[in-house]
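Descriptive structure summary
Each chain is listed here by its residues.
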Amino acid sequence: MCERLLAKILAFAIFLGTCGSLVFGQSANNSAATTYKTNCVSCHGQDGRGSAVGKSLHAADFHSAQVQQQSDAQLADVVAQGRGNMPAFATRLSKDQIDALVKYIRTVAKAK
Ligand code: HEC
């Protein structure tokens, strides 16, 4: 009797765990896109080429070799510490969020 209940609880826990990792795995992807939209699009534009505001501030095009030649660590550093007109995000975003954004910038740059 009791064993059956335990087995049910266990099965349910495994089920929840699977659902959780599916949902969170996806939201990690979506959240980089969302973080980008809320914090970066105003200057860098949805396609990473730079909005009118961004261009006037001399924001680099993410498609350019100048940006893509830099390592993930270098790009993450600019996002965290800021540079020139680029604001620092270290106080607003976690390191994980910034790393996810760098990956996101790479995918944005690959899109034509
Ligand atoms: C207020 C406008 C503005 C916002 C908002 C902004 N940026 Fe920038 N960003 C800039 C400018 C301007 C530069 C160029 C800095 C320089 O080198 O003088 C830049 C540079 C960068 C670079 C380095 C590119 C290079 O030339 O090496 C990266 C990476 C970057 N931004 C990512 C981001 C991310 C990710 C966000 C959102 C979290 C963001 N930026 C938000 C204006 C902005």
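Quick note: structure is the one above.
Below is a short write-up of the structure. (Residues numbered from 1 in each chain as written. Predicted model: local features only at pLDDT ≥ 70, side-chain atom pairs only at ≥ 80, totals over all residues. Heavy atoms only, no water.)

Around the iron atom of the ligand, the protein contributes the donor atoms His44 (NE2) and Met86 (SD), at 1.9 to 2.0 Å from the metal centre. Judged by relative accessible area, which is 10%, His44 ranks as buried. (Donors = N, O, S within 2.8 Å, 3.2 Å for Na, K, Ca; no water. Buried < 20%, exposed > 50% of the residue type's maximum accessible area, 1.4 Å probe, protein only.)

Right, let's get into the pattern of salt bridges. Close approach of charged atoms allows side chains with opposite charge to pair. This model, assessed by the stated rule, comprises three salt bridges. In this structure, Asp72 engages Arg106 in a salt bridge whose closest nitrogen and oxygen atoms are separated by 2.7 Å. Placement of the pair is Asp72 in helix α5 (residues 72-81) and Arg106 in helix α6 (residues 95-110), with a sequence separation of 34 residues. On the accessibility criterion, Arg106 (17% relative accessible area) is buried. (Salt bridge = Lys/Arg side-chain N within 4 Å of Asp/Glu carboxyl O. Helix = DSSP H or I, 4+ residues; strand = E, 2+ residues; numbered from the N terminus.)

Let us look at the side chain of Gln70. The residue Gln70 is located in the loop between α4 (65-68) and α5 in this model. We classify Gln70 as buried; its relative accessible area is 17%. Here Gln70 is in contact with Leu75, Arg83 and Arg106, once residues within four sequence places are set aside. (Contact = heavy atoms within 4.5 Å.)

Interhelical geometry of α5 versus α6 gives an angle of 115° and a closest axis separation of 9 Å. For the crossing formed where α5 meets α6, the hand is right-handed. Across from Asp72, Leu75, Ala76, Val79 and Ala80 in α5, the residues of α6 making contact are Ile98, Asp99, Val102 and Arg106. Residue composition of the contact of α5 with α6, grouped by class: six nonpolar, no polar and three charged. (Axes fitted to C-alpha atoms, helices over the stretch in contact; angles between N-to-C directions. Left-handed = near helix turned anticlockwise from the far one by under 90°. Nonpolar A, V, L, I, M, F, W, Y, C, P; charged D, E, K, R; others polar.)

So, on to the side chain of Thr35. With respect to the helices and strands, Thr35 occurs in helix α1 (residues 2-39). Setting aside residues no more than four positions away along its own chain, Thr35 makes contact with Cys40, Leu93, Gln97 and Leu101.

Right, let's get into the nonpolar core. Note that soluble globular proteins tend to have their nonpolar side chains buried in a common cluster. Tyr36, Phe62, Leu93, Ile98, Leu101 and Tyr104 are the most contacted members of the largest nonpolar core, which has 18 residues in total. Contributing elements (two or more residues each) for this core: α1, α5 and α6. Per-element accounting of this core gives the leading share, six residues, to α6. (Core = buried A, V, L, I, M, F, W, Y, C linked by side-chain atoms within 4.5 Å.)

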